[in-house]
Amino acid sequence: MRMLFEMDLHDYDPATPVFTRPSVRGIIVREGKLAMIHSLELDYYKFPGGGVEGAEAQLTTLHREVREEAGLRVLPGSEKPYGQVHRIQKGQYGDTFVQDNYYYLCDAATDALPQQLDAYEAEERFTLEWVTAGEAIAANRRNRSGDARFDPVYTVMLDREARVLEMLLAEGYVQK
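Residues numbered from 1 in each chain as written. Predicted model: local features only at pLDDT ≥ 70, side-chain atom pairs only at ≥ 80, totals over all residues. Heavy atoms only, no water.

Considerations on the environment of Glu124
For step 1, the next point in the chain: For Glu124, the position within the fold is in the loop between α2 (119-123) and β10 (126-131).
For step 2, the next point in the chain: The buried category is assigned to Glu124, whose relative accessible area is 6%.
For step 3, the next point in the chain: The spacing of Glu124 and Asp11 is 113 residues in sequence and 27 Å in space, taken between C-alpha atoms.
For step 4, the next point in the chain: At a separation of 3.0 Å, a polar atom in the side chain of Glu124 contacts the side chain of Ser39. (Helix = DSSP H or I, 4+ residues; strand = E, 2+ residues; numbered from the N terminus. Buried < 20%, exposed > 50% of the residue type's maximum accessible area, 1.4 Å probe, protein only. Polar contact = N/O pair within 3.5 Å; in protein donor to acceptor, adjacent residues only side chain to side chain.)

Below, the structure is given as structure tokens:
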């Protein structure tokens, strides 16, 4: 899978333990809009997806996470690798956080199923919304400085998703 970009904050001590958490995310486009997870509590957008569990295959993670977060069923055989984002930053627990995010273009069935959210996802009120790339970028680029709810882990994630959206726009996969 091609490397889209790397996000290395250089804010960590190289001597600290490394916590690695790969994730897989779905890029689903329908009628010019993207399936995005909107945090109603914090007002940001992210691609549906999440962490790989154990030795789980990436496509298994993609199907599971899109189903849990968005209530959408990825159509088997529609998955096409889009790219990878490599992220390194100071972790929340005195460690170094390393995350490889694998993005797949895919199609989903039109029927929606109930979400199966984790506790923090329910607390943030994750909701599936079909939005334009411009809407999601604008929400994620809003000035969040001074808002204690947005620690560095969140702000890097918001920037990552906005940058992937900008690449999708530049490459003609979506319209503004």
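As for the pattern of salt bridges
For step 1, the next point in the chain: A complete count under the given rule lists 12 salt bridges for this structure.
For step 2, the next point in the chain: Note that Glu41 is salt-bridged to Arg125, the shortest N-O span being 3.8 Å. You can see Glu41 sitting in the loop between β5 (33-39) and β6 (44-46) and its partner Arg125 sitting in the loop between α2 and β10, a full 84 residues away along the chain.
For step 3, the next point in the chain: Residue Glu41 is classed as partly exposed on the basis of its relative accessible area, which comes to 37%.
For step 4, the next point in the chain: For Asp111, the salt bridge is made with Arg73, and the minimal N-O distance between the two is 2.8 Å. In this pair, Asp111 is assigned in the loop between β9 (96-105) and α2 and Arg73 in the loop between α1 (58-70) and β8 (80-90), connecting sequence segments 38 residues apart.
For step 5, the next point in the chain: With relative accessibility at 32%, the residue Asp111 sits in the partly exposed group. (Salt bridge = Lys/Arg side-chain N within 4 Å of Asp/Glu carboxyl O.)

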